[in-house]
Protein chains: 2
Amino acid sequence: MDDNIIKALKGIAGADNVSTDDASRAAYAYDATRLKALPDVVVRPGSEAEVAAVLRLASARRLPVVPRGAGSGLSGGSVPTRGGITLSFERMADIINIDTANRIVVVQPGVVTGVLQKAVEDKGLFYPPDPGSLAFCTIGGNVAENAGGMRALKYGVTRDYVIGLRAVLPSGEVIKTGVRTAKGVVGYDLTRLIVGSEGTLAVVTEITLRLVPKPLSVVTMTAYFADQEGAGRAVASIMASPVTPRCLEFLDTEALKAGAAHSGMTLPGDAGGFLLIETDGSPEEARRQADVIRGIIEPDAIEVRVAADAPEAAALWKLRRSTSQALFSIAPDKINEDTVVPVSRVHEALSGFAEIGRRHGLKVVCFGHAGDGNIHVNVMTDRKDNVRFSEAEKAVEEVFQLVLGLGGTISGEHGIGLTKAPYLRMELSDVEVDLLKRVKHAFDPDGILNPGKIF
Amino acid sequence: MDDNIIKALKGIAGADNVSTDDASRAAYAYDATRLKALPDVVVRPGSEAEVAAVLRLASARRLPVVPRGAGSGLSGGSVPTRGGITLSFERMADIINIDTANRIVVVQPGVVTGVLQKAVEDKGLFYPPDPGSLAFCTIGGNVAENAGGMRALKYGVTRDYVIGLRAVLPSGEVIKTGVRTAKGVVGYDLTRLIVGSEGTLAVVTEITLRLVPKPLSVVTMTAYFADQEGAGRAVASIMASPVTPRCLEFLDTEALKAGAAHSGMTLPGDAGGFLLIETDGSPEEARRQADVIRGIIEPDAIEVRVAADAPEAAALWKLRRSTSQALFSIAPDKINEDTVVPVSRVHEALSGFAEIGRRHGLKVVCFGHAGDGNIHVNVMTDRKDNVRFSEAEKAVEEVFQLVLGLGGTISGEHGIGLTKAPYLRMELSDVEVDLLKRVKHAFDPDGILNPGKIF
């Protein structure tokens, strides 16, 4: 990259906050997909004004700009495949204001989601979205990808909590979207348009989130089933009842075995399917809902355990949390897809995924947020084995076909980014993709923001 | 309008469904603002294909097209100020599918919101948004305006329930947006962009709504206070507690007096402020929350009444529901604005509105959804008295200035339409309005859809 540009960037953000050395560039090259591409320069802006100045410069020189949170994304969204400027938000990580009277919080995009949650919980409030990476991912990244999590079943996803934004357009112009109140219908809903736009429309510099009162009490329980179909049917039965648990997590047979071995747990009997369920509310209400669910699933379960206290609840979560890592005992690599099907068809999806695996001689392992039909499908493979990897890629395409045939979607919460871009037209028509591109053009006529993503 | 166009429209929708006579045009000329403009022709399409054919014709001939629900809007959104074709949806009023297993309903836009609610409640499910006009407004109109209502406080607005749409672009091309599942992040969120776009981006032909389980029980209570400030402070105290009622409605002193006189009720003592509060959930939970609220407000109230049963609850609602009509005892006309302020500042807003009224020699009467800060501000006036009406218009502008100064918004749930278009730039910057126009252009390059609205 031109020395004059580097000099100008140092003038904007300070020399200490602009890096061009190989080690720094490598540190900002990847995300959780393990895809990798080096940015030409990493800029750590300290203010919205600095972001705007960087974008004005980038627009004038037609340089790619890739906004980046913590690099924990699962679709390659922050990987700078066309080089250019990576804008990283570690210096814009303030919780600006927790307004308890109005139940809102205003934050900068670099705040770690878990830090935000702790801060509002200390004031009796609750920010429900809980992506798996919440200990290190940033709220800015969550907004870019419209992140979900375990508690989305009852509480919804990031989109459902973002009520207003400040953002910088590629031109360097600053916009304010949405409201700082409970309602607002002035103009088109640019807030939700920017949420989930994967850093391709505008660079978010401030986020206003609504909060809810912190639940007074949580009941955690696990249930083991003889097979994964039994667990899948139990999910559908719970979701057809008048109770909505806050979490309803699922492990299939392979995930259960791998997770148990990895975490040193002994499974009851011949368990081949697992659910982890949480209810919340007042102590009486959380308990009442848990009792309703227990009544629904107990006749078909091998074992149902309700945690007596928080440490026991933490132990019950151990199996679920260890699963993703545990799968590497099955194969050296996995392609992890993030499909959603109607919850009534989860058991059909599970059978279908297994059948696809058999056809390609690969294990397909499923776990995830079964209560909202959001199944993480892991096609186990080996990147060093070209034949097995190419079979895995064929299997993934069949997984998407199956999911769409069941009325589902190819991404529930990870985004399109790079990894799903080749499959976008399986779900969207040419007319729809053309419309999305015209919307992109309305924000970013020169195509400098996160180029090569989604489309 | 050219006879050939009328002939072509009759060819598309059938001669019985195309009207050009004066009586029919007059019947589709107004909405609840009482603004009026005649369409050249009214078309009642029977299918998405007919909508698409009408739009192709309108595009080719550059004719304005105004989609219309029941004409119950409060911002002039469906008033065809530039003539052209009014597309009215009474023939597309089917509930296509209530999917209890997946808690979704698929409907055509002409379904009356109250009919939809009844249909899903019969199956144990619940569609929470409840605009005041729910007995006759349509879900298509609710989607166009992102309608709210009393229960938005706990349950959110129309936007929070629309998960997918089918819609026709001005070109006549059909798009499908969103998902039929609980989650989905494929492409930009066109669903929420179209919700609240006031019929200016696309014509919605099918709506998929998520539902929630029907609450098992509702507790209704009323509270009277010595003055409106006392009621306003009680609202803030409730919303600063860990309980979220489903409704928290407010009447100021004038609204309370007018409403009581209109409905023949006797007020307790010298009541000058009124709240209507509902909690819901399991019987124990609804009661527990009501008890918490009672504990918060009782020390400052003149009287708190909890309804013993449904008929008594209906009687308690009588005062709230009669208010809007009752205000005509104060003056022959009102300008009804739909402002939102942070709930902690409701009492400041109320004092400020009263002060604006005094300055202009007009009564300003407030009621509405105080729990989310959404106050319907009624500037009482007389359209036949030019001086008083011009004072009222000045007062409205000052109301908006006050609301924006308090961190609020000029429209919570009624939309911009015609009536608020002159004030749009009080809330949005030129950069923001230009961006909205570019988004409009991405959908509707020729500007045929509901021209003259919002901007």
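Above this text sits the structure in question.
First things first, this report covers the structure right here in the doc. Bear in mind the structure is a predicted one, so any value in this text is a computation, not a measurement.

### Points about the pattern of salt bridges
Moving on, step 1. Evaluated as defined, the whole model comprises 54 salt bridges over all chains.
Moving on, step 2. A:Arg345 serves as the salt-bridge partner of A:Glu348, at 3.1 Å between the closest nitrogen and oxygen.
Moving on, step 3. Classification of A:Glu348 as partly exposed rests on a relative accessible area of 33%.
Moving on, step 4. B:Lys420 is the salt-bridge partner of B:Glu337, the closest N and O atoms lying 3.2 Å from each other. Within this pair, whereas B:Glu337 is found in strand β16 (residues 333-340), its partner B:Lys420 is found in the loop between α13 (386-405) and α14 (424-427), the two being separated by 83 residues in sequence.
Moving on, step 5. Relative accessible area serves as the criterion here: at 6%, B:Glu337 is assigned to the buried category.
Moving on, step 6. Using a relative accessible area of 2% as the deciding quantity, one classes B:Lys420 as buried.
Moving on, step 7. Among the ionic contacts, a cluster of salt bridges with common partners joins A:Lys154, A:Arg246, A:Glu278 and A:Asp280.

### What about the sheet that holds strand β17 (residues 364-369) of chain B?
Residue and element names in this part refer to chain B.
Moving on, step 1. An order of β15-β12-β14-β13-β17-β18-β16 is seen for the 7 strands of this open sheet, with the pairing classed as antiparallel. One side of each edge strand has no neighbouring strand; the edge strands of this open sheet are β15 (303-306) and β16. If you compare each strand with its neighbour and ignore which way they point, the axes differ by 15° on average.
Moving on, step 2. The pairing of β17 with strand β18 (residues 374-381) spans 6 bridges and is antiparallel.

### Points about the pairing of strand β3 (residues 65-68) of chain A
All names here are of chain A.
Moving on, step 1. A two-sided burial pattern is seen for β3, the buried positions comprising Val65 and Pro67 on one face and Val66 and Arg68 on the other.
Moving on, step 2. Strand direction decides the pairing type here: β3 and strand β4 (residues 85-88), joined by 4 bridges, are parallel. Residue pairing in the sheet places proline 67 in a bridge with leucine 87 of β4.

### Here's the deal with the interface of chain A and chain B
Moving on, step 1. Each partner contributes residues to the interface: chain A has 76 residues there, and chain B has 76 residues.
Moving on, step 2. Carbon and sulfur atoms supply 61% of the area buried between chain A and chain B, which totals about 6,100 Å² over both sides.
Moving on, step 3. Along the contact surface separating chain A from chain B lie 6 salt bridges.
Moving on, step 4. We note a salt bridge from B:Lys183 to A:Glu413, for which the minimum N-O separation is 2.8 Å.
Moving on, step 5. Taken together, the links from chain A to chain B amount to 30 residue pairs in polar contact (both at pLDDT 80 or more).
Moving on, step 6. Of all the secondary structure elements, the ones that give two or more residues to the side of chain A that touches chain B are β9 (174-178), α7 (190-194), α8 (228-239), α10 (283-297), α14 (424-427) and α15 (430-443) of chain A.

### A short note on helix α1 (residues 3-13) of chain A
All names here are of chain A.
Moving on, step 1. Along α1, the residues that are buried comprise Ile5, Ile6, Leu9 and Ala13. The arc that holds every buried residue of α1, seen down its axis, measures 100°, which confines them to one face. For α1, the exposed residues lying more than 90 degrees away from the buried face are Asp3, Asn4, Lys7 and Gly11.
Moving on, step 2. Turning to α1, the residues buried within the fold contact β1 (18-19), β2 (41-43), α3 (48-61) and β4.
Moving on, step 3. Between the side-chain oxygen at the start of α1 and the backbone nitrogen of asparagine 4 there is a gap of 2.8 Å, and the oxygen is on aspartate 2.

### Let's talk about the state of the cysteines
Moving on, step 1. Scanning the model with the defined rule gives 0 disulfides over all chains in all.
Moving on, step 2. Among the cysteines around A:Cys137, which has no disulfide bond, A:Cys247 carries the closest sulfur, lying 16 Å off.
Moving on, step 3. Looking at B:Cys366, it has no disulfide partner, and the nearest cysteine sulfur is the one in B:Cys247, 19 Å off.
Moving on, step 4. According to the relative accessible area criterion, B:Cys366 is buried, its value standing at 2%.

### Structural notes on α15(A)
Moving on, step 1. For α15(A), spanning 14 residues, the distance from its first C-alpha to its last is 20 Å, which sits close to the expected 20 Å at 1.5 Å a residue.
Moving on, step 2. Within the span of α15(A), buried status applies to A:Glu432, A:Val433, A:Leu435, A:Leu436, A:Val439, A:Lys440, A:Ala442 and A:Phe443.
Moving on, step 3. The elements touched by buried residues of α15(A) are α7 and α14 of chain A together with β9 (174-178), α7 (190-194) and α15 (430-443) of chain B.

### Concerning the nonpolar core
Moving on, step 1. The biggest cluster of nonpolar side chains holds 178 residues, and the ones touching the most others in it are A:Leu209, A:Phe443, B:Leu209, B:Leu275 and B:Phe443.
Moving on, step 2. Not counting the four nearest positions on each side in its chain, A:Leu209 is found in contact with A:Arg103, A:Ile104, A:Val105, A:Val107, A:Leu116, A:Tyr127, A:Ile139, A:Tyr161 and A:Val162.

### So, the sheet that holds β1(A)
Residues and elements named next belong to chain A.
Moving on, step 1. What the 4 strands build is an open sheet, ordered β1-β2-β4-β3; its pairing is mixed. Single-partner strands in this sheet number two, and they are β1 and β3.
Moving on, step 2. Examined bridge by bridge, β1 and β2 share 2 bridges and lie antiparallel to one another. Following the sheet pairing, serine 19 is matched in β2 by valine 42.
Moving on, step 3. The sheet strands contacting α3 are β2, β3 and β4, and the helix crosses β4 at an angle near 170°.

Rules of the game
Residues numbered from 1 in each chain as written. Chains lettered and ligands numbered in written order. Predicted model: local features only at pLDDT ≥ 70, side-chain atom pairs only at ≥ 80, totals over all residues. Heavy atoms only, no water. Salt bridge = Lys/Arg side-chain N within 4 Å of Asp/Glu carboxyl O. Buried < 20%, exposed > 50% of the residue type's maximum accessible area, 1.4 Å probe, protein only. Helix = DSSP H or I, 4+ residues; strand = E, 2+ residues; numbered from the N terminus. Pairing = 2+ DSSP bridges. Axes fitted to C-alpha atoms, helices over the stretch in contact; angles between N-to-C directions. Contact = heavy atoms within 4.5 Å. Buried area = accessible area lost by both parts, 1.4 Å probe. Polar contact = N/O pair within 3.5 Å; in protein donor to acceptor, adjacent residues only side chain to side chain. Arc of directions from axis to C-beta. Disulfide = S-S within 2.5 Å. Expected span 1.5 Å × (residues − 1). Core = buried A, V, L, I, M, F, W, Y, C linked by side-chain atoms within 4.5 Å.

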